[in-house]
Amino acid sequence: VSGAGATSGGFAPKPFEIYSETGGTASIVSAQGEIDLSTAAQFEAAIRAAENHNEREVIVDLCEVDFIDSSGLRVLILSSERLRDRGKELHVVCVAGAVRRVFDTAAINERFAIYESRGEAIAAVGSR
Amino acid sequence: VAPVLPRHHEAGHALETEHRLRLEAEAVTRTLRESLLPATLPEIPGAQVAGYFEPASPVEVGGDFYDCFAIEPDRWLMVIADVTGKGPPAAAVASMVRYAIRTAASAGQNPPQVAATASRMLHLARPETDHRFATATIVEASAVGDEFNLQVTVAGHPPALVATGRELADWLTVPGPILGIDSDQRYKSRSSRLTSDDVVVLYTDGLSEARTNGGYVGIEGLARTLLEHVEDPAATIVGAVAALATDAIRTDDIAVLVLKVL
C-alpha cells in the first residue's frame, strides 16, 4: 500500500497528523497535512499544551504541512499573542510552498520568528 | 392493547414537531445567508457583474460573502471576504464586516481606508467575535469613458485574476494584513485600468483549495477556466468557475464575483 487513502489515479492529501516532542529547551509541535477548519482545533490544542510546559519556548514545525487556511493562521496569531504576553515568541519552521504563499498574502511574516529548518530553530532558541 | 394507539400518536406528533423545527431552522439559515448577499447586483453601464455563493453544505451558513454596490453614479465598490470559521457565529461576523465596509465606503473612504476601518472594527469586537479575523479584497471601480479604473486593496486575501483579451494579464494583489489582528493596521492600494473585454475574478479560497481527482483546483485551474470562458458573459464565467468546485471535495464556502467590461 502506497500511503493511506491513495487510490489509483485519485488525489488524496496527506492525512492530518500532529506530533509533540521536546528538543533542547523547546517544546516542538509538528503538523502534517492540511491545517484548516476541520483540523485547526487539534492544532490549537497541541500548541496550548506545548505552551503549558513551564519555561519552554514553542517551536511549530510546518515542514510537512501542505496547506494552511485562515483558521490555521488564526491559531498561529493567537498563540504568538499569548506567548508574547509571557515575554516569549512563537518560532515557526518551514514556511514554504503553499504555506509561504498564504503567509505572504496575509502579510503576517513579521509576527513570528521564522526558520528554514528545525535545527536552526532549536539553535536559535537555545541561545536565547 | 391500549398503549399501542397513543404511542403511535405520540410518534406522529414528535415527527411533526421535528419537521416544523427543521423548517424553522432552515428559514433562519436562509435569512442569515440572504443578509450576507446583495439582493440584486447594481447595473453598471458598460460592464457586467455576476456573483455566486455556495455554503459548505446546503444546511449551513458560513463566513464567505461577496458584495457590490454603487458609491456614486459612476463609482462602485466590489468586495469579496472570508471570515474565519463557519456556522452562524462566522455569518454574524461576516455581516458586521460587510456593513463596516459599506458604511466606510459610503462615508467617502477609499479602499485602503475602508480596509483600515473594517480592521479596527473587527479588532475592537475581538472579545465578542471569539477573535475571528477576516480576509478581504476591496476593489473600487470608476468609469472613465468606456474604461474602468480599479483601485485595489487586499487584506490577506488570495490574488484576484484579471484577463485581458485571451490572456491572463495579472494577479491583482498588494500585500496587506488580515483584518482585525491589531488596532491600527495600514493598507495600500494599487491601480489598474480595464478596457473592453477585460475580466476580473474575485474568489475565496474555498474555490481555489477545493480538491478534485486531479488535485487542488488551484489558482492555475481558475486561470485556465477563466481563459476558456473569457469571451462569455459574466454570468457564464461565474458559473464555469464555480463549477470547478461543485463536484469537488470541499469543506468550505465558495464565493465568486466577476466584473466584465463590455
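Residues numbered from 1 in each chain as written. Chains lettered and ligands numbered in written order. Predicted model: local features only at pLDDT ≥ 70, side-chain atom pairs only at ≥ 80, totals over all residues. Heavy atoms only, no water.

**Quick notes on the interface of chain B and chain A**
Here is step 1: Listed as interface residues are 26 residues of chain B and, on the opposing side, 22 residues of chain A.
Here is step 2: Summed over both partners, the interface of chain B with chain A comes to about 1900 Å²; 60% of that surface belongs to carbon and sulfur atoms.
Here is step 3: Summed over the three residues of chain B that lose the most area to chain A, namely Thr84, Arg211 and Tyr216 of chain B, the buried surface amounts to 22% of that side.
Here is step 4: The interface formed by chain B and chain A includes four salt bridges.
Here is step 5: Salt-bridge contacts for Arg111 of chain A lead to Asp182 of chain B; the nearest nitrogen and oxygen are separated by 2.7 Å.
Here is step 6: Here chain B and chain A share seven residue pairs in polar contact (both at pLDDT 80 or more) between them.
Here is step 7: Taken together, the elements giving at least two residues each to the side of chain B that touches chain A come down to strand E3 (75-86), strand E10 (211-212) and strand E11 (215-216) of chain B.
Here is step 8: In terms of residue count, the dominant contributor to the side of chain B that touches chain A is E3 of chain B (four residues).
Here is step 9: Tallied by class, residues from the side of chain B that touches chain A come to six nonpolar, 11 polar and nine charged. (Contact = heavy atoms within 4.5 Å. Buried area = accessible area lost by both parts, 1.4 Å probe. Salt bridge = Lys/Arg side-chain N within 4 Å of Asp/Glu carboxyl O. Polar contact = N/O pair within 3.5 Å; in protein donor to acceptor, adjacent residues only side chain to side chain. Helix = DSSP H or I, 4+ residues; strand = E, 2+ residues; numbered from the N terminus. Nonpolar A, V, L, I, M, F, W, Y, C, P; charged D, E, K, R; others polar.)

**With respect to the sheet that holds strand E9 (residues 199-203) of chain B**
Remark on secondary structure: sheet strands pair via backbone hydrogen bonds, oriented parallel or antiparallel.
Residue and element names in this part refer to chain B.
Here is step 1: Taken together, the five strands give an open sheet; going across it, the order is E1-E12-E9-E6-E7, and neighbouring strands pair in antiparallel fashion. Unpaired on one side and paired on the other, strand E1 (47-54) and strand E7 (167-172) mark the two borders of the sheet. Direction aside, neighbouring strands of the sheet carry axes that sit 15° apart on average.
Here is step 2: As paired elements, E9 and strand E12 (residues 254-261) share five bridges and run antiparallel to each other. Opposite Val199, over in E12, you have Lys260 as the bridge partner.
Here is step 3: Along the sheet, helix H6 (residues 218-228) contacts strand E6 (160-164), E7 and E9; its crossing angle with E7, the most-contacted strand, is approximately 135°.
Here is step 4: Across the sheet, helix H7 (residues 234-246) touches E1, E9 and E12, and the angle it forms with E1 is around 25°. (Pairing = 2+ DSSP bridges. Axes fitted to C-alpha atoms, helices over the stretch in contact; angles between N-to-C directions.)

**Considerations on the nonpolar core**
It is characteristic of soluble globular proteins that their nonpolar side chains tend to be buried jointly.
Residues and elements named next belong to chain A.
Here is step 1: Within the largest apolar cluster, 33 residues are counted, with the highest numbers of intra-cluster contacts made by Phe43, Leu62, Leu76 and Phe103.
Here is step 2: Those elements that provide at least two residues to this core are strand E2 (26-35), helix H1 (40-51), strand E3 (57-68), helix H2 (70-85), strand E4 (90-93) and helix H3 (97-106).
Here is step 3: Excluding its chain neighbours within four sequence positions, the residues that come into contact with Leu62 are Ile35, Phe43, Leu76, Val92, Val93, Cys94, Val99 and Phe103. (Core = buried A, V, L, I, M, F, W, Y, C linked by side-chain atoms within 4.5 Å. Buried < 20%, exposed > 50% of the residue type's maximum accessible area, 1.4 Å probe, protein only.)

**Considering the packing of aromatic side chains**
Here is step 1: A complete count under the given rule lists two aromatic pairs over all chains for this structure.
Here is step 2: Ring plane angle 55° and centroid distance 5.8 Å describe the contact between Phe103 of chain A and Phe112 of chain A, whose orientation is recorded as tilted. (Phe/Tyr/Trp six-rings, centres within 6.5 Å; stacked < 30°, edge-to-face > 60°.)

**Here's the deal with the confidence of the model for chain B**
Here is step 1: Of all residues in chain B, 96% have pLDDT values of 70 or greater, and the mean over the chain is 90.
Here is step 2: Interface scoring of the predicted complex returns ipTM 0.78; its pTM is 0.87. (pLDDT = per-residue confidence, 0-100.)

**Brief notes about empty space enclosed by the protein**
Here is step 1: Throughout the structure, instances matching the rule amount to one cavity of 30 Å³ or more.
Here is step 2: When its volume is computed, the largest cavity comes out at roughly 70 Å³.
Here is step 3: As for the largest cavity, its lining consists of Leu37, Asp69, Ser70 and Ser71 of chain A together with Gly63, Asp64, Asp82, Val83, Thr84, Gly85, Asp252 and Asp253 of chain B.
Here is step 4: Elements represented by at least two residues in the lining of the largest cavity include exactly H2 of chain A together with strand E2 (62-72) and E3 of chain B.
Here is step 5: The greatest single-element share of the lining of the largest cavity, amounting to four residues, is contributed by E3 of chain B.
Here is step 6: When its residues are assigned to classes, the lining of the largest cavity shows two nonpolar, five polar and five charged. (1 Å grid on protein atoms, 1.4 Å probe; cavity = no way out; pocket = protein on both sides within 12 Å on 5 of 7 lines; lining within 4 Å. Points joined across faces, edges and corners; volume = space filled by probe spheres on them.)

**A look at H1 of chain A**
Residue and element names in this part refer to chain A.
Here is step 1: The terminal C-alpha atoms of H1, which comprises 12 residues, lie 16 Å apart, in line with the 16 Å expected from a rise of 1.5 Å per residue.
Here is step 2: Every buried residue belonging to H1 is among Ala40, Phe43, Glu44, Ala46, Ile47, Ala50 and Glu51, and all of these are buried. Projected down its long axis, H1 carries its buried residues within an arc of 160°, all on one side.
Here is step 3: Packed against the buried residues of H1 are strand E1 (17-23), E2, E3 and H2. (Expected span 1.5 Å × (residues − 1). Arc of directions from axis to C-beta.)

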